[in-house]
Amino acid sequence: MTTTITITGAGGQIGYALLFRIAAGDMLGADEKVRLRLLEIPAGLGAAEGAALELQDGAFSLLEHVEVTDDPAVAFDGADHALLVGARPRGPGMERGDLLAANGGIFGPQGAAIAANAASGVRITVVGNPANTNALIAAASAEGVPTERFAALTRLDENRARAQLAQTLGVPVGIVQRVPIWGNHSATQFPDVSHATVGGEPAADALARIVGDVPSWVDGTFIPRVAKRGAEIIAVRGSSSVASAANAAIEHVRDWVHGTQDWTSAAVVSRGEYGVPEGLVSSFPVEAVDGEWRIVEGLEIGDDARRRIDASVAELIEERDAVRGLGLV
Ligand code: NDP
């Protein structure tokens, strides 16, 4: 069987970091043949076509076909997975309303094109920012596609949080689990260490031995470091994070398809879990079972966590109200 994967903004940096790993089988597995559809705006077609030539030169045995197009109907035709990466970046002096409107002009038509052309089991992962609200817009425009097929990426935030925790505790990152991201993929996100485990044991005691006052370390060091990691990468590297974002997108789709061993994070449509208003695309602790994200329910939420989740959700509500005002949802 061959899986069709559509990548929008495929001529961009994250697209370039994604394509070769997908073709190598990192996303769907070493036995799954893939057909890639690269969607770009006209200005990005050359970069996408160049990437397609390099894909050909990679001689990937799993890669059956690559097509480059600027037509969403062609790009999403028969798509089993859509990775919506291309988005309008915030320009100098651009207000948030302008940014949301510009992205509405991208994600609304893409949602409609997915509904009209994609495979019936299509799964959509939104990477382009503002990712949660872009996913909300796409889902609202994709009539007939169940909203649970849409998710926005918060896996990079979670990976960053797990990596920070592992570094602080001096343990391998692979044994650090249950560090969910709540809310928006923005500076208001809440990386939550209160359920974290290390090698299956609660991380709280180990953390207290190392940092002393855990709440002030969480407040003053951990959360700002995770939330501002993107800016740190830009300051050090001179441009935004790319390979780690692509890696997170690959892990997100891989887990969605193949299932999770433990919790991870994804922004999915709320049905009112944890007091998050129904219909918002918000990040939660999730598991993937039988190809579906399921929110981990029944977790105890402390006062500080509640305040932080509410603050991030308030931002999502503002974004939703803004796009509602623009008639986009
Ligand atoms: P990137 O490939 O670096 O980024 C693409 C999107 O991913 C941006 O919205 C970016 O957000 C977002 N993103 C999410 N998480 C991260 C992260 N951790 N680090 C960095 N970025 C993150 O951008 P490029 O400018 O290189 O490429 C974008 C491409 O999309 C261009 O080729 C453009 O032509 C194309 N495009 C295609 C469209 C389409 O297919 N219809 C529509 C619009 C653009 P942020 O801006 O906040 O960094």
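Cut-offs applied
Residues numbered from 1 in each chain as written. Predicted model: local features only at pLDDT ≥ 70, side-chain atom pairs only at ≥ 80, totals over all residues. Heavy atoms only, no water. Core = buried A, V, L, I, M, F, W, Y, C linked by side-chain atoms within 4.5 Å. Buried < 20%, exposed > 50% of the residue type's maximum accessible area, 1.4 Å probe, protein only. Helix = DSSP H or I, 4+ residues; strand = E, 2+ residues; numbered from the N terminus. Contact = heavy atoms within 4.5 Å. Salt bridge = Lys/Arg side-chain N within 4 Å of Asp/Glu carboxyl O.

Hey, could you run me through the nonpolar core in this one?
The nonpolar side chains of a soluble globular protein tend to be buried, and buried together. Counting residues in each nonpolar core, the largest one holds 39 residues, and the members touching the most others are Leu 165, Val 179, Phe 222, Val 268, Phe 284 and Trp 293. At the level of elements, α6 (155-169), β8 (181-182), α8 (214-227), β12 (264-269), β13 (281-289), β14 (292-295) and α11 (303-325) are the ones that each hand at least two residues to this core. The element that contributes the greatest number of residues to this core is α8, accounting for 6 residues. Residues contacting Val 268, with those up to four places away along its chain left out, are Phe 150, Ala 151, Leu 280, Val 281, Ser 282, Phe 284, Val 286, Trp 293 and Ile 295. Judged by nonpolar contacts, the second largest core, of 31 residues, contains Ala 10, Leu 28, Val 127 and Ala 245.

Whenever I open this one, the environment of Ala 23 confuses me. Can you help?
As for its placement among the helices and strands, Ala 23 is situated in helix α1 (residues 13-23). Classification of Ala 23 as buried rests on a relative accessible area of 1%. For the pair formed by Ala 23 and Leu 207, sequence separation is 184 residues and the distance between their alpha carbons is 40 Å. Beyond its immediate sequence surroundings of up to four residues, Ala 23 is in contact with Val 34, Leu 55, Phe 60, Leu 62 and Leu 63.

Explanation requested: the pattern of salt bridges in the structure shown.
Any two side chains of opposite charge can pair, given that their charged atoms come close. With the rule as written, the count across this model stands at 15 salt bridges. A salt bridge links Asp 219 to Arg 308; the nearest nitrogen and oxygen atoms lie 2.3 Å apart. Placement of the pair is Asp 219 in helix α8 and Arg 308 in helix α11, with a sequence separation of 89 residues. Arg 308 sits in the buried class, given a relative accessible area of 18%. Among the ionic pairs, Arg 254 bridges to Asp 255, the shortest N-O distance being 3.6 Å. According to the relative accessible area criterion, Arg 254 is partly exposed, its value standing at 31%.

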